[in-house]
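Okay, here's what each chain looks like letter by letter:
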Amino acid sequence: MAKAICPGSFDPVTRGHIDIIARASGLFDEVVALVVVNPVKVPCFTAVERAAMLRRSVAHLPNVSVDIYQGLLANYVRQVGAVGIVKGLRAMSDFEYEFQMTLTNHKLLPQAETIFLSSTVDNLYLSSSLVKQVAQYQGSIVDFVPPEVLPDIEQRLGCRSPTSIAR
Ligand code: PNS
């Protein structure tokens, strides 16, 4: 049973994330979409909220589960006996950072391979930061996030008035 991990912050999950997870689920017997907690980042959604939204968004994929982890990705991959780490690549600008992470993970755990799937053209520009920005200013995010989590994100971010720029 070949298992892969799709790690990320998922703050919040986007249609781009789901595309990568769905394609990974076709390549591996089992996929874990892993909400990685970064203690130095202040997220919009708690890790538990992010995992719950992710779980609803992947409910149609029977071989995908969701987990939360704080620590080194390589340690999690080793603990669960996964053989692959699947990441999405949107543009060359992603590559340098992703390549650095790949080399680090390979050094820490040579038996696991990182596999990059290129984003579809539709999702090339999409990111969680962009979703948050558009939602905060009451723009439509309907095309950016899975329908299962649209109300959660709109409720959390869409009603927030733009902060005053007056000092
Ligand atoms: O969605 P993101 O924020 O681009 O995801 C980045 C993530 C969570 C995959 C990355 O920061 C990560 O793997 N963090 C775990 C800490 C770790 O293992 N660091 C060393 C390898 S770079």
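A quick note: this is a predicted structure, and the numbers were derived from the prediction, not measured. (Residues numbered from 1 in each chain as written. Predicted model: local features only at pLDDT ≥ 70, side-chain atom pairs only at ≥ 80, totals over all residues. Heavy atoms only, no water.)

## A short note on the site of the ligand
The ligand sits among Pro7, Gly8, Ser9, Val36, Lys41, Gly71, Leu72, Leu73, Tyr97, Met101 and Asn105. A distance of 3.4 Å separates an oxygen atom of the ligand from a polar atom in the side chain of Lys41. Leu73 places a main-chain nitrogen or oxygen 2.8 Å from an oxygen atom of the ligand. Calculation on the ligand without its partners gives an accessible area of 550 Å², and the protein chains cover 73% of this total. (Near = heavy atom within 4 Å. Polar contact = N/O pair within 3.5 Å; in protein donor to acceptor, adjacent residues only side chain to side chain. Areas by Shrake-Rupley, 256 points an atom, 1.4 Å probe, with all protein chains shown as cover.)

## What to know about the sheet that holds strand 5 (residues 113-118)
Hydrogen bonding along the main chain pairs the strands of a sheet, whether they run parallel or antiparallel. One open sheet holds the 5 strands; their spatial order is 3-2-1-4-5, and the pairing between them is parallel. Both edges of this open sheet fall to strand 3 (64-69) and strand 5, since each of them pairs with a single strand only. The mean inter-strand angle of the sheet, taken between neighbouring strand axes irrespective of direction, is 30°. As defined by bridge partners, strand 1 (residues 3-8) adjoins strand 2 (residues 30-36) across 6 bridges and the pair is classed as parallel. Its bridge partner lying in strand 2, Pro7 is registered against Leu34. (Pairing = 2+ DSSP bridges. Helix = DSSP H or I, 4+ residues; strand = E, 2+ residues; numbered from the N terminus. Axes fitted to C-alpha atoms, helices over the stretch in contact; angles between N-to-C directions.)

## Describing the pattern of salt bridges
Scanning the entire structure with this criterion turns up 7 salt bridges. Residues Glu49 and Arg156 are paired through a salt bridge, measuring 2.6 Å at the closest nitrogen-oxygen approach. One end of the pair, Glu49, is in helix 2 (residues 47-57); the other, Arg156, is in helix 6 (residues 150-158), with 107 residues separating them in the sequence. Residue Glu49 is classed as partly exposed on the basis of its relative accessible area of 27%. Here Arg156 falls in the partly exposed class, since its relative accessible area comes to 32%. As a salt-bridge pair, Arg90 and Asp94 come within 3.1 Å of each other at their nearest N and O atoms. According to the relative accessible area criterion, Arg90 is partly exposed, its value standing at 32%. The buried category is assigned to Asp94, whose relative accessible area is 15%. (Salt bridge = Lys/Arg side-chain N within 4 Å of Asp/Glu carboxyl O. Buried < 20%, exposed > 50% of the residue type's maximum accessible area, 1.4 Å probe, protein only.)

## Focus: the layout of surface pockets
Over the atoms rolls a probe the size of a water molecule, and its path tells where empty space is left. Put simply, the largest pocket is a space of about 1200 Å³. Elements supplying a minimum of two residues to the lining of the largest pocket: strand 1, helix 1 (15-27), strand 4 (84-89), helix 4 (92-108) and helix 5 (128-136). When residues of the lining of the largest pocket are assigned to their parent elements, the largest contribution, 7 residues, is made by helix 4. Looking at the lining of the largest pocket, its residues break down into 17 nonpolar, 15 polar and 8 charged. (1 Å grid on protein atoms, 1.4 Å probe; cavity = no way out; pocket = protein on both sides within 12 Å on 5 of 7 lines; lining within 4 Å. Points joined across faces, edges and corners; volume = space filled by probe spheres on them. Nonpolar A, V, L, I, M, F, W, Y, C, P; charged D, E, K, R; others polar.)

## Quick notes on the pairing of strand 4
Of all 6 residues in strand 4, 5 are buried; the element is thus mostly enclosed. Taken together, strand 4, helix 4 and strand 5 constitute a β-α-β crossover, and its handedness is right-handed. (Right-handed = clockwise from strand over helix to strand, strands pointing away.)

Function cannot be read off these values alone, since they describe shape.
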